[in-house]
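# Working through the structure, step by step
Now for the letters of each chain:
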Amino acid sequence: GESVGLHLPTLSVQEGDNSIINCAYSNSASDYFIWYKQESGKGPQFIIDIRSNMDKRQGQRVTVLLNKTVKHLSLQIAATQPGDSAVYFCAENRVQGAQKLVFGQGTRLTINP
Amino acid sequence: DSGVTQTPKHLITATGQRVTLRCSPRSGDLSVYWYQQSLDQGLQFLIQYYNGEERAKGNILERFSAQQFPDLHSELNLSSLELGDSALYFCASSVEGDGTEAFFGQGTRLTVV
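Residues numbered from 1 in each chain as written. Chains lettered and ligands numbered in written order. Predicted model: local features only at pLDDT ≥ 70, side-chain atom pairs only at ≥ 80, totals over all residues. Heavy atoms only, no water.

## So, the layout of surface pockets
By volume, the second largest pocket is sized at about 190 Å³. For the second largest pocket, the lining is made up of 13 residues, of which Gly-43 and Gln-45 of chain A together with Asp-1, Ser-2 and Gln-106 of chain B are closest to its centre. Listing elements by their share of the lining of the second largest pocket, those giving two or more residues are strand E4 (32–38) and strand E5 (45–51) of chain A together with strand E10 (103–104) of chain B. Looking at the lining of the second largest pocket, its residues break down into four nonpolar, five polar and four charged. (1 Å grid on protein atoms, 1.4 Å probe; cavity = no way out; pocket = protein on both sides within 12 Å on 5 of 7 lines; lining within 4 Å. Points joined across faces, edges and corners; volume = space filled by probe spheres on them. Helix = DSSP H or I, 4+ residues; strand = E, 2+ residues; numbered from the N terminus. Nonpolar A, V, L, I, M, F, W, Y, C, P; charged D, E, K, R; others polar.)

Next comes the structure, spelled out in structure tokens:
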């Protein structure tokens, strides 16, 4: 079935390094994507979004890349900090069907000192 | 603070009981989404309302129901509770009903004993 999936369930990086979290989607009709950060015991926090008519969008220390050809989405976090430790979810906004925002399983990012 | 308020934060109840979870969307948001997150799982879409009307339905059990009131707050009713219903329940809101820029509340942790 159609789904949004993540390549790796866990990712460990050194503090100060850049992190790249990947996400694959299979619904070519999806027109909008969001990355969320979820810290333990908290609700998902909106990080950055991108529409399907774009292939790159930058925020503060974060960049989202969208490759529609291979249905791949990535979140790049520059100069990771301890506060970046969390689970990161990509979400796909499906234009068709009953579901709107469909979430992947998440990647746990751990920052090593 | 996302501006989405969920109450209560924690709820412990016995099997077979019924509970109501409440969500107040951000000011100006017309759409409310409900998600369930079980331990170490992603977010499963339950149901969406837009301006008082049901917009989309996901994998919501028949024992669960929801509504959105004229003041745009929403309630999720869970009845005949089972142990497996223990989870975090999140509400998100957005201005439009298309899933864009959806912001989440801090969730209600439901424990069924």
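## What to know about the interface of chain A and chain B
With 21 residues of chain A at the interface, the matching set in chain B holds 25 residues. Both sides of the chain A and chain B interface together cover about 1,700 Å² of buried area, and 54% of this is carbon and sulfur. Put simply, chain A and chain B have zero salt bridges between them. Where the side of chain A that touches chain B is concerned, the elements lending two or more residues are E4, E5, strand E9 (86–93) and strand E10 (101–103) of chain A. Residue composition of the side of chain A that touches chain B, by class: nine nonpolar, seven polar and five charged. (Contact = heavy atoms within 4.5 Å. Buried area = accessible area lost by both parts, 1.4 Å probe. Salt bridge = Lys/Arg side-chain N within 4 Å of Asp/Glu carboxyl O.)

## What about the side chain of Ser-93 of chain B?
Residue and element names in this part refer to chain B. Within the element layout of this structure, Ser-93 appears in strand E9 (residues 87–94). For Ser-93, a relative accessible area of 0% gives the class buried. In terms of polar contacts, Ser-93 uses its side chain to reach the backbone amide nitrogen of Arg-26, at 3.2 Å. A polar contact of 2.6 Å, which involves the side chain of Ser-93, links it to the side chain of Asp-29. (Buried < 20%, exposed > 50% of the residue type's maximum accessible area, 1.4 Å probe, protein only. Polar contact = N/O pair within 3.5 Å; in protein donor to acceptor, adjacent residues only side chain to side chain.)

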